[in-house]
Amino acid sequence: MTRPLVELEGLTVHFAMPRKSTLERGPGSVLQAVSDVSFSIAPGETLALVGESGCGKTTLARALVGLYPPARGAIRYKGTDLLAMSARERKHTRRAIQMIFQDPYESLNPRLPVSEVITEPLVIHGIGGRAERALRARELIHLVGLPQDALNRYPHQFSGGQRQRIAIARALGPAPELMVADEPLSALDVSIQSQILNLMGQLRDQHRLSLLFISHDLAVVHHLADRVAVMYLGRIVEIAPRAELYDTPSHPYSRALIDAIPRVGQGRRSRGRSIPGDLPSPLNPPAGCAFHPRCPKAQPVCRNEAPVLAPVATRPLQFAACHFKE
Amino acid sequence: MNDLSSATPAAEIAERPESVWQLRWQRLRQNRAALAGALVLAILVLFVLAAPLYEWAYGLDVNDTDLLNRFRPPSARHLLGTDDAGRDVMARLMYGGRISLLVGLFGALSAALIGTLIGLVAGYYRGRVEAILMRLTDGMISLPLLPLLIVFAAIDLQKLGFSEEFVRSPAANLYRIVLIIALVQWTTVARLVRASTLGLMRREFVLAARTQGAGALHILRVHVLPNATSPIIVALSLSVGEIILLESTLSFLGLGIQPPTASWGNMLNNAQELISRAPELAFYPGFLIFTTVIAVNFLGDGLQDAFDPRGDSAH
Amino acid sequence: MLRFILSRLVQSLVVLLVMSFVIYGLIGLMPGDPIDVMVNSNPGYTAADVARLRAQYGLDQPLLARYWHWLVAASGLNFGYSRTYQQPVLAIMLPALLQTAKLVLIAFAVFSTLAVTLGVIASLYRGTIVDRAINLLAFAGISIPVFFLALILIYLFAVRLGWFPASGMFTIGGPQSFADSAKYYVLPVLTLTAAFGGSFTRFTRASMVEVLRMDYIRTARAKGAGPTRIVLKHALRNALIPVVTVLALSFGSLMGGVLITETMFAQRGMGKLIFEAILGNDFNLALMGLLFATSATLFSNLLADIAYAWLDPRISLT
């Protein structure tokens, strides 16, 4: 088994909430965005991370690329903990792990022409001189299917889908090994989504990239993923190979998500079933299993004891955190 | 091999006909008061630049005193007559205008520079640094402006270690005025720039740069500053008028530009005495100050309207 | 609410303390020191005398030590002696404070009423010639130097027309009546009104325009309320909230205007006192005068914050 490219172990990310007044005593409340998350991504593998809005997916992605410090746990790149790295090694990982953001209208600086947007990572990392960067920009814009004259234009002159292509081109520039895509399609029109999805798939294959694809939409993920991780309230509740998750979801939450996918022409289930209740506040997560207030299978043990990720009885590659996993 | 171009992007690129700057320029052009202000300013600048020309045409030197010819009315030789030391009034107005306009411009630029630096640092580094800088800014804002300027102006530079010769030179005088005005005027720009920086640091294109490990200099230079120029420009233009007023007040009180260098303010130095003898001599410089400041204010007001972010079309 | 006031009060006191040190240092940088003046007026002093005097007055000590001594004395309300007037500083300042207070209160009443009235009118007749005229007038007020305005008023009304006196606070040797001293206030108040009324007029207008645009005004209109009632009842109260804060916050520049006005019209108020103390190297008086001006500004900022928080129910204090 090849060594994983990236490994998360017990990753926990907290945000301290500001106190309501400067004269209050004691610690303020803490927002537990990510709690004890562990998984790994192999070279060339595509791992999808799904969950409702507010479950901590974006925080996880940003912690992975170094924007948020972990409160506990480790992020390992090729075996070395990011925090234990030398400055040089750290710089190298910043090249190797690239991110595509959700909002194509916000992730590009409106004052920079597209050529500068795309080559900015190269400038920051000191890769190549002017001429090389210009050449690379031409290469990249072609790779994402935009014409060469796009390089001289400004982001506001492009549509959402095109801007996302520009963002992809930017991420490809430093020849990364892992791309973290944080809901790259959510802000796009449905008709454009499949184009961008296909583009990402093709580029991934061409450049043999690992991909962490984050989405709230299981239907979209089905196309690209090798494995799928399901996240709820900052915790991974299930992680399994794609086929197993879609055919035999183990955790009740995963099952509910699958059921919620609208299917064409299947009568009563065609509109999909939504999950009852609301997502609890991450400032005050439920005791025991975080899902128990909304779970159809909840029992007293679920309130008292938090389940851990463990392999499902007959399918050892599938892990779920549930006392009553199937 | 590569069928990525199946998206036909060439047809899709929505060509926005105007950039943000063009929109602003259009809005500014529609503001007649602002245009009038700009025109008046242009005339004034030409006026003060024409000083050497005027001297040459009339065979004068602005510094020539002639105590036998004091307070002469306008004549063919002296277009506006002579002042209390026999000097040509018109020439003094022209040269004085240079000083007043220079102080206004450079004072505003220096204040903007200081304020921008402080605002950028406070907004970028946050935490303790920001708290200290903002307390400093708030502290300065809460001080009475003119009394503080008077104290600054009254300081004996020799006590700080400067040589007597330097202290008395007109160049030092000018730098000092510009500096002390900048020292009290930077607070507005600092607040604006800090607010802009705070907002910009949270935007995703800045986050994208930070994931690459970009340092403070890169982020501030490439991302923050270019997107923060509009509030800076507006604050700058609005402060020019205020600075011209401050300089003229200081010079009037005898604490600003020192004679024999002329400035519109110090030409009014002994104005209260002149009132009875030759009131026009008090009127001309004051009127020019008023005209300049009101023109600058109309222009600055127009800029503010043109740069109003609510007017900018959303992306 | 009380917590808020307390914490802001503490903040203001800290700023005042820091400023007292800064101003103390700045004053020390002014030309000469008390000993120099003494020495210059009496050639009999030798170098030894000078050194002895310096030690006696504590002027040979480092800045921090001197500041500390001053601070200790000041907390006991001992603010030292004024060199120019040969009296305790407090004795000089109090009557001057009274004089300035009179001027400021009258001027404030006049220009705030005028500014709000004109601002409201301008907002109601937005876009018409009335609005443009008021706007022009306001701009003129903002753009004219205070001392020049005073000069013009003196020339017009005192020198040419003789309606009002050019300077002073009361007629020397004349009746100490209210009517007599009233005419001495007309020109100074007019000066301050013209200079400061302008920006408040514009601000009131902008604030009213903003409020009138809002939905709840349209609701009131739809309910059938007549225009005057709408204006007075709903809009004004809300529009005044930012105006009140701006009024209080501009106290700093008002002090400057007062300084000039008092100097031009020879009124013995705080402004003139501070100015002359600085120029005359009267250290103690200058220091206390500046500190007074600073604390007045800080206090008015505090009032503005509190008033704003209190008047606008949407703002949370915490």
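(A) Representation of the overall build of chain C. When you go through chain C residue by residue, the secondary structure sums to 13 helices and two strands. Counting the 318 residues in chain C, one finds 35% classified as buried. For chain C, the share of sequence-separated contacts (at least 6 apart) that also reach a separation of at least 24 residues comes to 69%.

(B) Geometry of helix α9 (residues 170-201) of chain B. In this model, α9 of chain B (32 residues) spans 44 Å end to end at C-alpha, consistent with the 46 Å of a helix rising 1.5 Å per residue. Where α9 of chain B bends most, at Q185 of chain B, the angle is about 40°.

(C) Spotlight on unusual backbone geometry. All names here are of chain A. Its identity as a non-glycine residue notwithstanding, D36 has a phi of 55°, on the positive side. Assignment of secondary structure puts D36 in strand β2 (residues 30-41). Positive phi, normally seen in glycine, also occurs at K78, with a value near 50°. Position of K78 among the secondary structure elements: in the loop between β4 (72-77) and β5 (80-81). Looking at K78, the number of C-beta atoms within 10 Å reads 15, which means it is partly exposed.

(D) Geometry of the confidence of the model for chain B. Residue and element names in this part refer to chain B. In the predicted model, chain B carries a mean pLDDT of 83, and 91% of its residues have values of at least 70. Mean pLDDT across the elements of chain B bottoms out in helix α1 (residues 9-12) (44) and peaks in helix α10 (residues 204-211) (93). The low-confidence segment residues 1-13, where pLDDT is below 50, has 18 contacts with residues more than four positions distant or belonging to other chains.

(E) Here's a closer look at the pairing of strand β3 (residues 46-50) of chain A. Residue and element names in this part refer to chain A. The buried fraction of β3 is high, at five of five residues. A two-sided burial pattern is seen for β3, the buried positions comprising T46, A48 and V50 on one face and L47 and L49 on the other. Two strands pair when backbone bridges link them, and β3 and strand β9 (residues 227-232) are joined in this way by four bridges, in the parallel orientation. Across the sheet, the residue bridging to V50 is V230, located in β9.

(F) Inspection of the environment of T197 of chain B at higher detail. Residue and element names in this part refer to chain B. Relative to the helices and strands, T197 resides in helix α9. T197 sits 63 residues away from P260 along the chain, and the two C-alpha atoms are 45 Å apart. Ignoring anything within four residues of it in the chain, the contact list for T197 reads G119, L120, G123, Y124, V224 and A228.

(G) Highlighting the sheet that holds β4 of chain A. Residues and elements named next belong to chain A. An order of β2-β1-β4-β5 is seen for the four strands of this open sheet, with the pairing classed as antiparallel. Two strands close off the open sheet at either side, each with one partner strand: β2 and β5. Each of β1 (6-16), β2 and β4 touches helix α1 (residues 57-64); the most contacted strand, β2, lies at about 65° to it.

(H) Region of the structure containing the interface of chain B and chain C. In this complex, chain B contributes 32 residues to the contact, which on the side of chain C involves 36 residues. For the side of chain B that touches chain C, the leading source of residues is helix α14 (residues 279-306) of chain B, giving nine residues. Residue composition of the side of chain B that touches chain C, grouped by class: 22 nonpolar, eight polar and two charged.

Criteria and thresholds
Residues numbered from 1 in each chain as written. Chains lettered and ligands numbered in written order. Predicted model: local features only at pLDDT ≥ 70, side-chain atom pairs only at ≥ 80, totals over all residues. Helix = DSSP H or I, 4+ residues; strand = E, 2+ residues; numbered from the N terminus. Buried ≥ 20, exposed ≤ 12 C-beta atoms within 10 Å, placed from the backbone. Contact = placed C-beta atoms within 7 Å. Expected span 1.5 Å × (residues − 1). Bend = angle between axes of the 7 residues up to and from the residue. pLDDT = per-residue confidence, 0-100. Pairing = 2+ DSSP bridges. Axes fitted to C-alpha atoms, helices over the stretch in contact; angles between N-to-C directions. Nonpolar A, V, L, I, M, F, W, Y, C, P; charged D, E, K, R; others polar.

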